[in-house]
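Now for the letters of each chain:
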Amino acid sequence: MIQNRNNRTKTSIRTLQVMMAGLSLIILGRIFYLQIIEYDTYAALGEKNSVRQEYVDPARGLIYDRNGILIVDNEPIYTLTITPASFKKDNIPLLASLLEVQDSVITAKVKEAQEYSWNRTSRLFTEIDFETFSRVQENIWRLPGIGHQIESKRHYPTEMNASHIFGYLREANQEEYAKSNEILLGDKIGKSGLELIYESELRGDLGVKYLTVNALGQTLRAFEGEKMDQSPTRGDDIITTIDADLQILAEKLMKGKKGGLVAMNPKTGGILAMVSSPQYDLSRLAGRLDKDYWQKINADSTTPLYNRAISNRQPPGSTFKPLMGIIGLHMGYITPQTTIYNSGAYIRGRPYKDTAPVGTYDLEKAITFSSNTYFFSLMDDIATQGKLNEWSKLVKDFGLGVPNSIDLPYANSGIVPDSSYMNRAFGKNKWGIGDLLSFGIGQGLVSASPLQLAQMTSTIANGGYKISPHVVQAVRKADGSLERIQHQKPKIKWVKDDYLEEVKKGMRGVVVEGSGRFYVKNPTVSVAGKTGTAQNPHGRDHGWFTSFAPFDDPQIVVTVLIENGGYGSQSASPVAALIIEKYLTGEINRQRVYDYVINFKSRPTDSELLDE
């Protein structure tokens, strides 16, 4: 019995030894296979298990003015990142304490990052101060999954604000980054202005870097294997048509007022200055969102986020009369010699008031002294002959009542009625001549923005060419090459030189002897323009002035709207006069006019006093 038991024990031991030997051979064989035969394959996989991929943001493109002055650049900010798969929820109280925020804030941020991706690194907090950043870095060994990036925010190095030109950046929402492979959680993208329109050019291309990490996901060092890092490609720079000095002056002149200003090169359509007032402080929307300020400007009754220079829609008043003269000449209802007597009102069923002196007016004089009677009569002829649709089409050829091609968002088309519009507004066959007469003096349903009137005035000044207003003239690529943006400038075929010369003489008369002579007339600069006062049923009348200079070779067009400013000759024209003087002479010599504009207080018009 004992002998048999010993034999069985020996057999079991030998069997176990054989099995262990066999298992050892299998393990050694597998190790040999993995380490020697399949080394190239599994070494790479092993490296990937210890290497973390992180994206590197490109530097956003810069913005320059027409003279090469840097007007938008970047400044560094500190950002904390998170890789959710490596982060432990138990560390939420520690991180909250270091950042001096509530635990719930960290919990919400971590959840948002998890929903974005468990394994991809995303931003947790941006624009933290250096003291807080240092405190977190000292404890980073206790916070696996937490990293950092040094990023940038927009910086505005000049005195100009230009909030409605530049626009602001905001974090992309989930829908936006879900649609793009280039946008990551927490990325900021353009939401208005040039930042929005030129987002794809300014943004640049992401880079990639690889870091060696330990089992806790902590970064040990840069990955030293085969070089796989990809450097980011910085965004393209954009070269604008803006004149920084002129823009700074325009903003000063419009401060404390409500309205819009556009200064434009009439030969190219390049915007030299553009102001919508009131503005907002763009620097407070750079980097991390100042929520209190954001709520404040959104709730502000003066609507500072609204771009009055391109989105406003107001009756142009008498600034519309030069275009009416051109159309009247073309349609054959008037000639330069046609005269109409103004008795103080135009009678068509009821009297339509005229503030110009009683007397006889030809076209030049009617523009110079802004006779309503002359243009009521002209519009009466157009309406009586059933030519409303033709009139509407001719007006639209000058850029009013149609979409504008400017490279800024939310430009308004304005309103230039035709018969279809009138049918929608009043009902089919429920409108008549009386509803159309006010169109002749830029009132009633006719409306436009300062940008559209600047485009109209440019066409008058440049000999009948319809320019395309624009802010950007070229894009400088990351490799240094310059791509100029081409803009069409078609000739309006029906517009003849003698039409233009006739109305331009009238516009020059406005400055020499008409309502513009008080503030615009300048012995060193020959300016032509047209004042306008648009009746406002909701308060004080709006003041307009549109102009060009020099008269013989126009280099600049300036259009100004001062809402509730009263007479355009008192509110808008001195602003435009100073812009023109600065641009053409390099300085302002008329301190009296400058002081008047800075301290301007609107006064009621005669029509307002009569209505009281």
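Relevant structure appears above.
Residues numbered from 1 in each chain as written. Predicted model: local features only at pLDDT ≥ 70, side-chain atom pairs only at ≥ 80, totals over all residues. Heavy atoms only, no water.

1. Topic: the packing of aromatic side chains
Part 1 of the argument: For the structure on display, the rule yields 15 aromatic pairs.
Part 2 of the argument: Ring geometry for tyrosine 346 and phenylalanine 376: centres 6.1 Å apart, planes at 25 degrees, overall stacked. Linking tyrosine 346 in strand 14 (residues 345-347) with phenylalanine 376 in helix 14 (residues 372-384), this pair joins segments that are 30 residues apart in sequence. For the pair shown, tyrosine 346 and phenylalanine 376 are each scored as buried.
Part 3 of the argument: Ring plane angle 20 degrees and centroid distance 6.2 Å describe the contact between phenylalanine 548 and phenylalanine 551, whose orientation is recorded as stacked. Here the two residues phenylalanine 548 and phenylalanine 551 agree in accessibility, since each one is buried.
Part 4 of the argument: Joined through ring pairs, the aromatic side chains of Tyr78, Phe130 and Phe133 make up one cluster.
Part 5 of the argument: Cation over ring: arginine 350 sits above tyrosine 352, and NZ or CZ is 3.9 Å from the ring centre. (Phe/Tyr/Trp six-rings, centres within 6.5 Å; stacked < 30°, edge-to-face > 60°. Helix = DSSP H or I, 4+ residues; strand = E, 2+ residues; numbered from the N terminus. Buried < 20%, exposed > 50% of the residue type's maximum accessible area, 1.4 Å probe, protein only. Lys NZ or Arg CZ within 6 Å of the ring centre and 35° of its normal.)

2. Structural notes on the pairing of strand 4 (residues 122-128)
Part 1 of the argument: Of all the seven residues making up strand 4, seven are buried; the element is thus mostly covered by neighbouring parts of the structure.
Part 2 of the argument: Across four bridges, the pairing between strand 3 (residues 70-82) and strand 4 is antiparallel. What sits directly across from tyrosine 78, in strand 4, is isoleucine 128. (Pairing = 2+ DSSP bridges.)

3. Side note on the pattern of salt bridges
Part 1 of the argument: A complete count under the given rule lists 22 salt bridges for this structure.
Part 2 of the argument: In this structure, the salt-bridge partner of arginine 154 is glutamate 195, at a minimum N-O distance of 2.8 Å. With arginine 154 in strand 5 (residues 146-155) and glutamate 195 in helix 8 (residues 193-197), the pair connects residues that are 41 residues apart, well separated along the chain. Residue arginine 154 shares its accessibility class with glutamate 195, and that shared class is buried.
Part 3 of the argument: For the salt bridge of lysine 387 with glutamate 390, the shortest nitrogen-to-oxygen distance reads 3.9 Å.
Part 4 of the argument: Taking the relative accessible area as the measure of exposure, glutamate 390 reaches 34% and is therefore partly exposed.
Part 5 of the argument: Here the salt bridges share partners, and the residues they tie into one network are Arg60, Arg123, Arg154, Asp187, Glu195, Glu199 and Arg203. (Salt bridge = Lys/Arg side-chain N within 4 Å of Asp/Glu carboxyl O.)

4. Details of a nonpolar patch on the surface
Part 1 of the argument: A grouping of Leu23, Ile26 and Ile27 is seen on the molecular surface, where their side chains present a nonpolar patch of about 300 Å² in accessible area.
Part 2 of the argument: Its place among the elements puts isoleucine 26 in helix 1 (residues 2-37).
Part 3 of the argument: Judged by its relative accessible area of 56%, isoleucine 26 falls in the exposed class. (Patch = residues over 30% accessible without salt bridge, like charges linked within 9 Å, V, L, I, M, F, W, Y side chains within 5 Å. Areas by Shrake-Rupley, 256 points an atom, 1.4 Å probe, with all protein chains shown as cover.)

5. Considering the side chain of threonine 546
Part 1 of the argument: Mapped onto the fold, threonine 546 is located in strand 20 (residues 542-549).
Part 2 of the argument: Here the side chain of threonine 546 touches threonine 457 through a polar contact of 2.6 Å, side chain to side chain.
Part 3 of the argument: Here threonine 546 is in contact with Thr319, Leu453, Thr457, Met507, Ala528, Gly529, Lys530, Val558 and Thr559, once residues within four sequence places are set aside. (Polar contact = N/O pair within 3.5 Å; in protein donor to acceptor, adjacent residues only side chain to side chain. Contact = heavy atoms within 4.5 Å.)

6. Quick word on the packing of helix 12 (residues 321-331) against helix 15 (residues 388-396)
Part 1 of the argument: In contact at an axis separation of 11 Å, helix 12 and helix 15 are set at 125 degrees when each is read in the N-to-C sense. When the axis of helix 12 is compared with that of helix 15, the two are oblique. Handedness of the helix 12/helix 15 crossing: right-handed. On the side of helix 12, the interface is formed by Leu323, Met324, Ile327, His330 and Met331, while helix 15 contributes Glu390, Trp391, Leu394 and Val395. (Axes fitted to C-alpha atoms, helices over the stretch in contact; angles between N-to-C directions. Parallel < 35°, antiparallel > 145°, perpendicular 65-115°, else oblique. Left-handed = near helix turned anticlockwise from the far one by under 90°.)

7. What to know about the packing of helix 17 (residues 450-461) against helix 18 (residues 497-512)
The geometry of a pair of packed helices is captured by two quantities: the angle between their axes and the separation between those axes.
Part 1 of the argument: Contact geometry of helix 17 with helix 18 gives a least axis separation of 9 Å together with a crossing angle of 115 degrees. Contacts from Thr457, Thr459, Ile460 and Ala461 of helix 17 reach helix 18 at Leu500, Val503, Lys504 and Met507.
Part 2 of the argument: Looking at the contact of helix 17 with helix 18, its residues break down into five nonpolar, two polar and one charged. (Nonpolar A, V, L, I, M, F, W, Y, C, P; charged D, E, K, R; others polar.)

8. A word on helix 4 (residues 103-116)
In an α-helix, one turn spans 3.6 residues; hence positions three or four apart end up facing the same way.
Part 1 of the argument: For helix 4, which comprises 14 residues, the first-to-last C-alpha distance of 20 Å matches the rise-based estimate of 20 Å (1.5 Å per residue) to within 8%.
Part 2 of the argument: Every buried residue of helix 4 is accounted for by Ile106, Val110, Ala113, Gln114 and Tyr116. The buried residues of helix 4 occupy an angular sector of 155 degrees when projected down its axis, which confines them to one face. Counted as exposed and oriented over 90 degrees from the buried face of helix 4: Ser104, Lys111 and Glu115.
Part 3 of the argument: The inward-facing, buried residues of helix 4 abut strand 3, helix 3 (92-99), strand 4 and helix 7 (174-178). (Expected span 1.5 Å × (residues − 1). Arc of directions from axis to C-beta.)

9. Concerning the sheet that holds strand 20
Part 1 of the argument: A sheet is described by the order of its strands in space; here five strands give the open sequence 12-11-21-20-19, paired in antiparallel fashion. Only two strands of the sheet have a single neighbouring strand rather than two, namely strand 12 (271-277) and strand 19 (528-534). Strand after strand, the sheet turns through a mean of 5 degrees between neighbouring axes, direction not considered.
Part 2 of the argument: For strand 11 (residues 259-264) and strand 12, the ladder comprises six bridges, and the chain directions are antiparallel.

10. Looking at helix 16 (residues 419-426)
Part 1 of the argument: The distance from a side-chain oxygen at the start of helix 16 to the backbone nitrogen of serine 420 is 3.2 Å, and the residue carrying that oxygen is aspartate 418.
Part 2 of the argument: Of the residues one or two after helix 16, glycine 427 is the one with positive phi, at around 105 degrees.

11. Focus: unusual backbone geometry
Part 1 of the argument: Cis geometry is adopted by the peptide bond preceding proline 278, which originates at serine 277 and carries an omega value of 5 degrees.
Part 2 of the argument: Of note, the amide linkage connecting alanine 549 to proline 550 takes the cis form, showing an omega dihedral of -15 degrees.
Part 3 of the argument: Assignment of secondary structure puts proline 550 in the loop between strand 20 and strand 21 (556-562).
Part 4 of the argument: You will see that tyrosine 410, though not glycine, has its phi angle at about 70 degrees, which is positive.
Part 5 of the argument: Note that tyrosine 410 resides in the loop between helix 15 and helix 16.

12. Section: the nonpolar core
Part 1 of the argument: One finds Phe166, Ile271, Met274, Phe375, Trp391 and Phe398 to be the most contacted residues of the largest nonpolar core, which totals 92 residues.
Part 2 of the argument: No other element matches helix 14, which puts seven residues into this core.
Part 3 of the argument: Residue contacts for methionine 274: discarding those within four places in its chain leaves Ile165, Gln247, Leu261, Val262, Asn307, Ala309, Ile310, Ile406 and Leu408.
Part 4 of the argument: With 32 residues, the next largest nonpolar core counts Leu253, Ala273, Ile562 and Ala572 among its residues. (Core = buried A, V, L, I, M, F, W, Y, C linked by side-chain atoms within 4.5 Å.)

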